[in-house]
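# Coordinates in review
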Amino acid sequence: MATAQLYCVCRQPYDVSRFMIECDICKDWFHGSCVEVEEHHAVDIDVYHCPNCDVHHGPSLMKKRRNWHRHDYTEPDDGSKPVQAGTSVFVRELQARTFPSGDEILQQMHGSQVTQRYLERHGFRYPIAVHKMEGLGLRLPPPDFSVKDVERYVGGDKVIDVIDVARQADSKMKLSAFVKYYYSPQRPKVLNVISLEFSDTRMSELVVVPDIAQKMSWVENYWPDDSYFPKPFVQKYCLMGMKDSYTDFHIDFGGTSVWYHVLWGEKIFYLIKPTSANLALYEEWSSSPSQSEVFFGEKVDKCYKCVVRQGTTLLIPTGWIHAVLTSQDCMAFGGNFLHNLNIGMQLRCYEMERRLKTPDLFKFPYFEAICWYVAKNLLETLKESREDNCLPPEYLIKGVKALITALRNWLKREVTEPASEVPDHIRPNHLIKMLTKEIQYLEVSQTLMKSQGISACPSTRSAHERGSHARRTARRLRDQHHHHHHHSHSPKAPSNLDIFEQHTQEVLKRLKMGPYEEDASFNLKVNGKFNKVSTASAAVAERSLDNDLRLVLCNGRIISESATSPSTEEDAIQGMLSMAGLLYSHPIQEHKNFMDSQGSGSNSSSEAWSNHTHSPAHGESPTLGFQYCETSLSPPLHPSKRPASNPPPISNQATKGKRPKKGMATAKQRLGKILKLSRHKPFFCLSRCLGGLCIFGWPLLLF
């Protein structure tokens, strides 16, 4: 076996996770940490000399600064290029601009007034400023808590994302290196930390998030303990910004609402209301190649300036477009949360992120999964309202309608994009159908209930206060009793062949009706078997078998009589699999998804990385993967806050059989592989993939 090539003064093999730099004299590669070159500092080196070579050739040569208004400070300053966001010229010009005052839109409130009850009654449409912490339920370290203290509680070895503000590029560095730079007498660069999520550190004990963020949060209320997907951590951020740090206009991921508390220092927020017109302008600006050269605040009719001083807490609702200038060295704490009040706007923001092809790194983790969990819970809420004979609040009815539309679209999309976030214990088509029924019932009864003077539900009381848990349990027991009663008088259960024949007839009947009929899952409940058939795959069947492929069941064989599509055989295979609840995915696509998921941990390079500070080319030495990892600058064109990375839970009884992490092969996809279906192997039986039980009696034959 060939021995791995060794690098650096430490003579270690290549490690993709560590930043390296190439010596321009000896051409060896060195770990930045071994030769004391920080990743953010490496971009300033023009010609690098390693410690061995600088003895004979002198120190490394640095790049020459030629301007103060461009991300690339080596560009000649000939007056031909506009000012870019984050540069020192930009910050100076920003401070000289005038804006309408934030007082025009800010709701000034006392902490004790900011309750779920208040927001449910009055809505959460405008930013809220709270000048004293009392009554918010917020607990934080004292105002003399320092950057060094953060290092003490989080650990200096934690690798954090640090933004080089003047270049609007971010790199990774150890917290200890940031702290050292922060306290150094000379700080030639403005560095900003906005993505330090510390839920998994000792510092977490020092912070209790505001009651409102805790009580309304979708993740806190609806994320199940046994979810296979890792729980999103977006509740506790520590922001440490040097004076003149700037974050360009953005909407927080997934349309989350956000709270910020300035512990010391000062931040200036530039706030833009999420009207349809403003959102359209924002999307256009975000996808523009000249984004960094255009101040978005000028493109809209009103951009409000809001100064947040020490001790103030700011709450920003869903979808508000905002930029932030750190006017003095500042430490702030913050957190993001999704909630029921602005569901439609949250979904709009998510869909916009998808259209803008925002990297996963900057998105709310498992946003679609949480929406399915929420839908399941809101179905219960609507049922309870109906049983209590009262009307749910208007915001909830609107929210559920928006949710139904989104869930339907995601299911359709899953046909072509198999990376699903539908949790395994949810029957998606059934859930959508039941939600739709509840909404239809509401629309019919709304007028009637109002005319009878029946009030809306006491929505401000939590589900637990209304005793819904007990009622839910009672309903479950009642349903079980009904189910048992029904079976005690039912005739002998049909055989597996009867089931399959009945199932096939249903499929054939559906195919005549056209694709995407409601409840594509054709759920069959027979002795508890087959009570869930994959819905996405049923949709595949409906779509793929709809192109004039006629199927006939004859003596246990399915024969395709006529087909007009070139890939009918594969379509037919997919159709067959979908009847059994299996989705046959293309192995190449599956491999690509898997690779994508593996690659999602590191950022893609934002610009042509200098010849001297990238990793070795393929074949000769390490492949480019992690080196000078700046974020993709297209899009977003500026670094954004990101969620904490949270590995998937360790497999246990609760997670067994659950859907794996996005991008990794699902059980259905694995079964597709086991079957090794191809146009060259027309004979196959589904018994092997279902635990060796040949449930259909005979093998299926495709011509």
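Computed from a predicted structure; not experimentally measured.

About the criteria used
- Note on numbering: residues in each chain are counted from 1, in written sequence order.
- In keeping with the model being predicted, local features are shown solely for residues with a pLDDT of at least 70 and side-chain atom pairs are shown and tallied solely at 80 or more, while totals for entire chains, interfaces and linings include all residues.
- Excluded from the side-chain calculation are hydrogens and water; included are all heavy atoms of the structure.
- Centres within 6.5 Å make a pair out of two Phe, Tyr or Trp rings, where for Trp the six-membered ring is used; the pair is then stacked when the planes are under 30 degrees apart, edge-to-face when over 60, and tilted otherwise.
- To qualify as a helix, a DSSP run of H or I must reach at least 4 residues; to qualify as a strand, a run of E must reach at least 2; elements of each kind are numbered from the N terminus.
- A simple rule labels every residue: compare its accessible area, found with a 1.4 Å probe on the protein chains alone, to the largest value its type can have, and call it buried under 20%, exposed over 50%, or partly exposed in between.
- Paired strands, as defined in this entry, are two strands with at least two bridges between them according to DSSP.
- We call a set of buried Ala, Val, Leu, Ile, Met, Phe, Trp, Tyr and Cys residues a nonpolar core when their side-chain atoms join them within 4.5 Å.
- Bear in mind that the domain bounds are from an automatic or database domain assignment.
- Should any heavy atoms of two residues lie within 4.5 Å, those residues are considered in contact.
- pLDDT runs from 0 to 100 and stands for how confident the predictor is about each residue.
- It is the directions from the helix axis to the C-beta atoms whose arc is reported.
- A side-chain nitrogen of Lys or Arg and a carboxyl oxygen of Asp or Glu constitute a salt bridge if their distance falls within 4 Å.

### With respect to the packing of aromatic side chains
Scanning the model with the defined rule gives 22 aromatic pairs in all. Centre to centre, the rings of Phe90 and Tyr246 are 4.7 Å apart; their planes meet at 55°, and the pair counts as tilted. Here Phe90, found in helix H3 (residues 88–96), pairs with Tyr246, found in strand E13 (residues 245–250); they are 156 residues apart in sequence, far enough to count as distant. Among the residues examined, Phe90 registers a relative accessible area of 9% and is labelled buried.

### Details of the pairing of strand E9 (residues 159–164)
Among the 6 residues that make up E9, 5 are buried, leaving the element largely enclosed by the rest of the structure. Sheet topology note: the E9/strand E10 (residues 169–174) ladder contains 6 bridges and is antiparallel. Following the sheet pairing, Val159 is matched in E10 by Lys174. Between E9 and E10, which pair antiparallel one after the other, the connecting turn spans 4 residues, and Gln168 there sits at a positive phi close to 50°. In this structure, E9 lies alongside strand E11 (residues 191–197), joined through 2 bridges in antiparallel fashion. Residue pairing for E11: Asp164 is matched across the bridge by Leu191.

### Details of the nonpolar core
In globular proteins that are soluble, nonpolar side chains generally tend to be buried together. Of all hydrophobic cores here, the largest spans 132 residues; its most connected members are Val150, Phe178, Met240, Tyr246, Phe249, Met331 and Phe333. Of the residues that make up this core, three or more belong to each of domain 2 (88–219 + 231–364) and domain 3 (369–477). Those residues in contact with Met240, other than ones at most four positions away along the chain, are Val147, Val150, Leu175, Phe178, Leu191, Asn192, Val193, Leu196, Cys330 and Met331. Judged by nonpolar contacts, the second largest core, of 15 residues, contains Cys8, Met20, Cys23 and Tyr48.

### Some details on H3
Among the residues of H3, those classed as buried are Val89, Phe90, Val91 and Leu94. Buried residues along H3 sit against E13, strand E14 (257–272) and strand E17 (321–337).

### Side note on the confidence of the model for the protein
Do not read the fine detail of predicted coordinates wherever pLDDT is low. A residue-level look at the protein finds 64% of positions with pLDDT of 70 or above and a mean pLDDT of 77. With pLDDT under 50 throughout, residues 485–492 is counted as low confidence; its partners more than four residues away or in other chains account for 0 contacts.

### Let's talk about helix H9 (residues 276–286)
All of the buried residues in H9 are Asn278, Leu279, Tyr282, Glu283, Trp285 and Ser286. The buried residues of H9 occupy one face: seen down the axis, they fall within an arc of 165°. Exposed and oriented more than 90 degrees from the buried face of H9 are Ala277 and Glu284.

### Points about the pattern of salt bridges
Two side chains carrying opposite charge are able to pair once their charged atoms lie near each other. Under the definition given, this model contains 24 salt bridges. Across the salt bridge formed by Arg413 and Glu368, the nearest N and O atoms sit 2.5 Å from each other. Note that Arg413 is positioned in helix H12 (residues 394–416) and Glu368 in helix H11 (residues 367–387), a separation of 45 residues in sequence. Salt bridges sharing partners connect three or more residues here, namely Asp44, Asp164, Arg167 and Lys189.

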